[in-house]
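Descriptive structure summary
Below are the chains, spelled out letter by letter.
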Amino acid sequence: MINVLIPVVDKPEQFLKSAREICDDINLQLVIGVTKTIANVYDFNIPNAIVKVYDDGSGREEIINALQPLLLGEAVFIARKPFTREEFYQFINKEAQIVICEDKKMNPVSSLFNNLWRKIVRAIFGVKFFHGDTSLVYFNAGLGNVLTNVSNLSYCTRVDRWKGVTQDTVKSSSPKAKVNCDKGTGVRLLLFAILSLMIGVVATALISVFVKVNVVIGLLIACLDIICLSTSALLMITYLFNLKIGKKDIKKAIEVAKKG
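Our subject in this report is the structure included herewith.

Thresholds applied
- Residues numbered from 1 in each chain as written.
- Predicted model: local features only at pLDDT ≥ 70, side-chain atom pairs only at ≥ 80, totals over all residues.
- Heavy atoms only, no water.
- Helix = DSSP H or I, 4+ residues; strand = E, 2+ residues; numbered from the N terminus.
- Rg over C-alpha atoms; globule rule 2.2 N^0.38 Å.
- Buried < 20%, exposed > 50% of the residue type's maximum accessible area, 1.4 Å probe, protein only.
- Contact = heavy atoms within 4.5 Å.
- Areas by Shrake-Rupley, 256 points an atom, 1.4 Å probe, with all protein chains shown as cover.
- Lys, Arg positive; Asp, Glu negative; His and termini not counted.
- Charge placed at Lys NZ, Arg CZ, Asp CG, Glu CD.
- Pairing = 2+ DSSP bridges.
- Axes fitted to C-alpha atoms, helices over the stretch in contact; angles between N-to-C directions.
- Salt bridge = Lys/Arg side-chain N within 4 Å of Asp/Glu carboxyl O.
- Polar contact = N/O pair within 3.5 Å; in protein donor to acceptor, adjacent residues only side chain to side chain.
- Core = buried A, V, L, I, M, F, W, Y, C linked by side-chain atoms within 4.5 Å.

Side note on the overall build of the protein
From N to C terminus, the protein includes 9 helices and 7 strands. Radius of gyration (C-alpha) of the protein: 23 Å, far over the 18 Å computed for a compact globule of 260 residues. Counting the 260 residues in the protein, one finds 44% classified as buried. Across the protein, contacts joining residues at least 24 apart in sequence account for 79% of those joining residues at least 6 apart. Entry remark: accessible area of the protein is about 14,400 Å², with carbon and sulfur atoms responsible for 60%. Averaged over its 32 positive side-chain charges, the protein has a centre that lies 7 Å from the centre of its 23 negative ones.

Following this line, the structure appears as structure tokens:
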């Protein structure tokens, strides 16, 4: 049995088409999470599908976390974007334990910087990026058992915290799903990064003008600049990480009564 989770917060016609193309497969548990307004406009009474309706304003990742209790402890396919029947069966027929969408190939220079960025993220956050796009992601039955018990299903399916597993990719015809970023947190991170740099620059300038600089003062200025620069760099890395992955701490969407 394969658990297929489809959170619908946009593109309802396309997601309906994807769901209807695979709903006749008896080896699937098809679970659709949809916001209230969309559910009232579009008919999600698809054969063999479990449909859950959530408050308007619920995000894609919140719905994914809310659907976690319905997992049967077997293989899991999460669709953050629409897919075709052919793409779906390419995913589940791969022998790898984790399968994601193939990303565009990078030129050597971009690949070099990307690998450096991955190492920085792994050193700071203790996680890796998947080598591809997680808009569509499949975990085989062995890993599906683990996903039923993780504390944040959404986050665990967007970053690579897995060790000793095989991975593969599948080409996808549709564009990536939009990352659900916390704009407020992003703005604060940028402002604090700029503020940290300004403190270092202004403090150094004022001390140099009004204080006679000796070896001790010079070392103190250097330490202050290093602290400010390091703080700013860490904040910028966190900001870029959030742009790439989206929000880390995702609550569960609130289910509402479905109109009959």
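Some thoughts on the sheet that holds strand β6 (residues 133-139)
Strand order across the open sheet formed by 7 strands is β3-β2-β1-β4-β6-β5-β7, with mixed pairing between neighbours. Looking along the sheet, the strands with just one partner apiece sit at the ends: β3 (49-54) and β7 (167-170). Strand-to-strand, the axes of this sheet are offset by a mean angle of 20 degrees, without reference to chain direction. Pairing between strand β4 (residues 75-79) and β6: 4 bridges, direction antiparallel. When the sheet's bridge partners are listed, Ile78 is paired in β6 with Val137. Strands β1 (2-8), β2 (28-35) and β4 of the sheet are contacted by helix α1 (residues 12-22), whose axis makes an angle of about 165 degrees with β1. Helix-sheet contacts for helix α3 (residues 60-67) involve β1, β2, β3 and β4, and the interaxial angle to β1 is about 145 degrees.

Focus: the pattern of salt bridges
As enumerated under the stated definition, the model contains 9 salt bridges in all. Where Arg85 meets Asp24, a salt bridge forms, and the shortest distance between an N and an O atom there is 3.6 Å. With Arg85 in helix α4 (residues 85-92) and Asp24 in the loop between α1 and β2, this pair connects stretches of sequence that are 61 residues apart. Under the relative-accessibility criterion, Asp24 is labelled exposed at 53%. Residue Arg80 is joined to Glu61 by a salt bridge in which the shortest nitrogen-to-oxygen separation is 2.9 Å. With a gap of 19 residues between them, Arg80 in the loop between β4 and α4 and Glu61 in helix α3 connect regions that are remote in the sequence.

Here's the deal with the side chain of Arg158
By the element assignment, Arg158 lies in the loop between α7 (153-156) and β7. Within the structure, Arg158 has its side chain in polar contact with the backbone oxygen of Ile245 (distance 2.7 Å). The residues touching Arg158, leaving out its near neighbours within four places in the chain, are Glu61, Arg80, Phe130, Thr134, Ile245, Gly246, Lys247, Lys248 and Ile250.

A look at unusual backbone geometry
At Lys11, a position not held by glycine, the phi torsion is positive, near 45 degrees. Mapping Lys11 onto the fold places it in the loop between β1 and α1. A positive phi angle, close to 65 degrees, is found at Asn48, a residue other than glycine. Inspection of the secondary structure puts Asn48 in the loop between α2 (36-41) and β3.

Brief notes about the nonpolar core
Membership of the largest hydrophobic core comes to 33 residues, with the highest contact counts inside it found for Val4, Ile6, Phe77 and Phe88. Contributions of two or more residues to this core are made by β1, α1, β2, β3, β4, α4, β5 (98-101) and β6. Leave out the neighbours within four places in its chain, and Ile6 touches Phe15, Ala19, Leu30, Val31, Ile32, Gly33, Ala79 and Phe83.

Brief notes about the environment of Ile92
With respect to the helices and strands, Ile92 occurs in helix α4. Ile92 has contacts with Ile2 and Tyr138, leaving out every residue within four places of it along the chain.

Comments concerning the environment of Val213
Take Val213: it is sitting in the loop between α8 (183-210) and α9 (215-245). Under the relative-accessibility criterion, Val213 is labelled partly exposed at 43%. Among residues more than four places away in sequence, those in contact with Val213 are Ile207, Ser208 and Gly218.

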